Amino acid sequence: MSGLLVLRPGALTTVQDLGRPGYAHLGVPRSGALDLGAYALANRLLGNPPDAAVLETTLDGVALRALTPVTVAVTGAPCAVRVCGRPAAWGAPVRLAAGAELDVGRAEPGVRGYVAVRGGFRVPPVLGSRSTDLLSGLGPAVLTSGTLLPVGTPGPDPIRGADALPAPAPPTELVLPLRPGPRADWFTASSLRALLTSAYRVSAASNRIGLRTEAGPPLVRARTGELPSEGMVLGAVQVPPDGLPVLFLADHPVTGGYPVVGVVPEGLPLNAAAQARPGTRVRFVGA
């Protein structure tokens, strides 16, 4: 038997890669790793292909047992890494002998960690991706104790990482550039000004589907009535009836009926949003 065995699954650990873009017309979200910078670094450290599947942990990490010798790397939110109870490197390749136990600890600070293995996790792909999609249910199940994770054959590239840039620290304040959305005219001018000059907080109700906000000024509509469902994109900032903005992340629905006031561009801002803990201050700025 080969691969890695899950001993402690943590609060929420899923398999993620670059997702499955191109299926929105079928009602399938893109999904994929939320912090793409940390995901890419984990694979880079091991010489993996850029689309290799990794584990995405949430808050309290994961524990695994190597059934065969493997090399792993942990990136994302900084955390304690231990092998058989002894401290090991975070953000660097770590060799595991057969039978060795890897313990990835609590995120300090931040939210999401990434555990890559040389060769990638070779769970069966669905629609070309190995990502777990919490909204549609596609992809492998959320990890539980006893799950066996098969590992692919390592590529010809040597393990590398000396030139890899360290992942940025999780934000103490999340500043999100916001481009005007298709339904900005559904809100009063004073609300739009308040959106770009006030502070919100990350809500504990946030998840892989969306980052919810609280404690800021609710947006007031200039138009009444219902909006027919329309397409949604990654980074869309939708405003539900309570007036508090919701930033759509990787598992977002592909359609929605609440107006989109703006869109946060892909890249570093969304990576930072993936690591923002509940209570983190959020500001939107014009892009």
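Residues numbered from 1 in each chain as written. Predicted model: local features only at pLDDT ≥ 70, side-chain atom pairs only at ≥ 80, totals over all residues. Heavy atoms only, no water.

With that out of the way, let us pick up the overall build of the protein. Each helix and strand counted, the protein has three helices and 20 strands in total. The C-alpha radius of gyration of the protein comes to 20 Å, within 12% of the 19 Å expected for a compact globule of 287 residues. Along the three orthogonal principal directions, the C-alpha set of the protein runs to about 65 × 40 × 35 Å. Here the analysis covers contacts within the protein between residues at least 6 apart in sequence; of these, 77% occur between residues at least 24 apart. Roughly 12,500 Å² of accessible area belongs to the protein as shown, and the carbon and sulfur atoms make up 58% of that amount. Within the protein, one finds 25 positive and 19 negative side-chain charges whose respective centroids are separated by 3 Å. (Helix = DSSP H or I, 4+ residues; strand = E, 2+ residues; numbered from the N terminus. Rg over C-alpha atoms; globule rule 2.2 N^0.38 Å. Contact = heavy atoms within 4.5 Å. Areas by Shrake-Rupley, 256 points an atom, 1.4 Å probe, with all protein chains shown as cover. Lys, Arg positive; Asp, Glu negative; His and termini not counted. Charge placed at Lys NZ, Arg CZ, Asp CG, Glu CD.)

A few words now on the pattern of salt bridges. Pairs can form between side chains of opposite charge once their charged atoms are near each other. Counted under the stated rule, the structure contains 10 salt bridges. Where Arg112 meets Glu56, a salt bridge forms, and the shortest distance between an N and an O atom there is 4.0 Å. With Arg112 in strand β10 (residues 112-117) and Glu56 in strand β3 (residues 54-58), the pair connects residues that are 56 residues apart, well separated along the chain. The two residues Arg112 and Glu56 agree in class, both being buried. (Salt bridge = Lys/Arg side-chain N within 4 Å of Asp/Glu carboxyl O. Buried < 20%, exposed > 50% of the residue type's maximum accessible area, 1.4 Å probe, protein only.)

Before going further, it helps to examine the layout of surface pockets. Gaps left between atoms are located by rolling a probe of water-molecule size over the structure's atoms. The calculated volume of the second largest pocket comes to roughly 240 Å³. Along the walls of the second largest pocket sit 17 residues, with Thr58, Val111, Arg112, Ser206 and Asn207 positioned nearest its centre. Residue classes in the lining of the second largest pocket are distributed as 11 nonpolar, four polar and two charged. (1 Å grid on protein atoms, 1.4 Å probe; cavity = no way out; pocket = protein on both sides within 12 Å on 5 of 7 lines; lining within 4 Å. Points joined across faces, edges and corners; volume = space filled by probe spheres on them. Nonpolar A, V, L, I, M, F, W, Y, C, P; charged D, E, K, R; others polar.)

Turning our attention to the side chain of Thr71. Positionally, Thr71 belongs in strand β5 (residues 70-76). Among the polar contacts listed, one links the side chain of Thr71 to the side chain of Arg95, at a separation of 3.2 Å. (Polar contact = N/O pair within 3.5 Å; in protein donor to acceptor, adjacent residues only side chain to side chain.)

Further remarks concern the sheet that holds strand β4 (residues 62-66). If you trace the six strands from one edge of the open sheet to the other, you get β7-β6-β9-β4-β1-β11, paired in antiparallel fashion. Lying at the two open borders of the sheet, with one neighbouring strand each, are β7 (86-88) and β11 (148-149). (Pairing = 2+ DSSP bridges.)

Counting residues in each nonpolar core, the largest one holds 38 residues, and the members touching the most others are Tyr114, Leu211, Leu247 and Phe284. At the level of elements, α1 (36-46), β10, β12 (173-180), β13 (199-202), α3 (268-274) and β20 (281-286) are the ones that each hand at least two residues to this core. The greatest single-element share of this core, amounting to six residues, is contributed by α1. If near-sequence neighbours (up to four positions away) are discounted, Leu211 is found in contact with Leu174, Val202, Ser206, Pro245, Val246, Leu247, Leu249, Ala273 and Ala276. Ala53, Val62, Val94 and Val104 belong to the second-largest nonpolar core, a separate cluster that totals 25 residues. (Core = buried A, V, L, I, M, F, W, Y, C linked by side-chain atoms within 4.5 Å.)

The next thing to look at is α1. An α-helix turns once per 3.6 residues; consequently, residues spaced three or four apart project the same way. Among the residues making up α1, those that are buried are Ala38, Tyr39, Leu41, Ala42, Asn43, Leu45 and Leu46. Buried residues along α1 sit against β2 (14-16), β3, β5 and β10. Structurally, the start of α1 carries an N-cap: the backbone nitrogen of Gly37 is 3.3 Å from a side-chain oxygen of Asp35. In the segment just after α1, Gly47 is the residue with positive phi, at about 70 degrees.

A few words on empty space enclosed by the protein. On inspection of all chains with the given rule, the structure shows one cavity of 30 Å³ or more. Lining the largest cavity are Thr57, Leu59, Asp60, Gly61, Ala77, Cys79, Val104, Gly105, Ala107, Val111, Arg112 and Gly113. Here the lining of the largest cavity is composed, by residue class, of six nonpolar, four polar and two charged.

With that settled, the discussion passes to the state of the cysteines. Counted according to the given criterion, the structure contains zero disulfides. Left without a disulfide partner, Cys79 is nearest to the cysteine sulfur of Cys84, which lies 17 Å away. Cys84 gets classed as exposed once you look at its relative accessible area, which sits at 54%. (Disulfide = S-S within 2.5 Å.)

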